[in-house]
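# Examination of the molecular architecture
The residues making up each chain are set out below.
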Amino acid sequence: MKNLSLPEVDFSTALAEAIAGISDAATRQVYTAAFDAPQEIEANYVACARAANLYAQPRVATTEDPVICGSLRKSDLTKLYTQYFVPEGKPARRLYEALKVSAGGKCPLCGGVGHVRNLDHYLPKANFPLYSVLPVNLIPCCRDCNTEKLNEFANVRENQTLHPYFDNERFFVEQWVHARVIPSEPPVLEYYVHPPDEWERDDKLRVEAHFLEYGLAGKFSIEAAADLPETIQTRRTTMSANSSEDFSHYLAEKGKTPTLPVNNWRRVMFSALALDRWFCSHTFP
Ligand SMILES: [Zn+2]
């Protein structure tokens, strides 16, 4: 849930670099001839992504291998990524690496819980093979977010996960992840989605879908469980004489860390702790 600036490389360049990795000249020619207007394909994708309409793009059934573009079948297009874009030693590999580092190491899909290890096709290549090497369809992400997706890409607008390159800024600068404290020893943080009331219905449903798709409740709760002992230790020691109001104020300040995105699990954790009377007044054993 962090937005990213757009990739610097365009579709034409990515295609040319991938095709340059094909050793057979006749095959290279077939691929080059198949894409007569890559700019149009890219412009169409961008327009749909900005309007949150990518779900309506024509999709191919996972089990089918039809002709998609020129004489190229789906399997030829997915090969463009797996055999000519990703492997070490291919000319396009430098583009793959550049896209990966563009997120600054932190996975934008889980808000930095995981480190970037892969590129994820926002529109999966098995269903949308035309976009298998389209840079704006390639999202740097962690291994968990790449492999643990629950569903195929949404069939309706409100089930689409967030697109770090194109989605409205509100998803990234307004708080929609919240947490509550479950009193126990040790205390547990339970994360949930509560978007601003004034958001449109589809936007509210989309953040729900994103939260569910990437299993964020569980991931955030585990991060919080690992982090919380440090705060409890502070309460036990340096802040043992402070009032619950003082402790709440201290936690609220930690919840304002400007370097972390507003929906980051740690920011949300401190804000939730600051508001929780039980936690702020509890004497930890
Ligand atoms: Zn992730």
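Here's what I pulled together on the structure shown here. (Residues numbered from 1 in each chain as written. Predicted model: local features only at pLDDT ≥ 70, side-chain atom pairs only at ≥ 80, totals over all residues. Heavy atoms only, no water.)

## Some remarks on the coordination of the zinc ion
Geometry reference: four tetrahedral donors at a metal, ideal angle 109.5 degrees. Six octahedral donors, ideal angles 90 or 180 degrees. Surrounding the zinc ion are the protein donor atoms Cys 107 (SG), Cys 110 (SG), Cys 142 (SG) and Cys 145 (SG), at 2.3 Å. For the zinc ion, the four donor atoms are set out with angles of 103 to 114° between them, so the coordination reads as tetrahedral. Read from N- to C-terminus, the donor residues coordinating the zinc ion fall into the pattern C-x2-C-x31-C-x2-C. One end of the pair, Cys 110, is in the loop between α5 (93-101) and β3 (118-121); the other, Cys 142, is in the loop between β4 (138-141) and α6 (143-147), and 32 residues separate them in sequence. Classification of Cys 142 as buried rests on a relative accessible area of 4%. (Donors = N, O, S within 2.8 Å, 3.2 Å for Na, K, Ca; no water. Tetrahedral: all angles 85-135°; square planar, octahedral: opposite > 155°, others 65-115°. Helix = DSSP H or I, 4+ residues; strand = E, 2+ residues; numbered from the N terminus. Buried < 20%, exposed > 50% of the residue type's maximum accessible area, 1.4 Å probe, protein only.)

## Quick look at the packing of helix α9 (residues 216-236) against helix α11 (residues 265-275)
α11 packs onto α9 with a crossing angle of 60° between their chain directions and a minimal axis gap of 10 Å. Taken together, the axes of α9 and α11 lie oblique to each other. The handedness of the crossing between α9 and α11 is right-handed. Judged by residue contacts, Phe 220, Glu 223, Ala 224, Asp 227, Leu 228 and Thr 231 of α9 engage Trp 265, Arg 266, Met 269, Phe 270 and Leu 273 from α11. Of the residues belonging to the contact of α9 with α11, the class tally is seven nonpolar, one polar and three charged. (Axes fitted to C-alpha atoms, helices over the stretch in contact; angles between N-to-C directions. Parallel < 35°, antiparallel > 145°, perpendicular 65-115°, else oblique. Left-handed = near helix turned anticlockwise from the far one by under 90°. Contact = heavy atoms within 4.5 Å. Nonpolar A, V, L, I, M, F, W, Y, C, P; charged D, E, K, R; others polar.)

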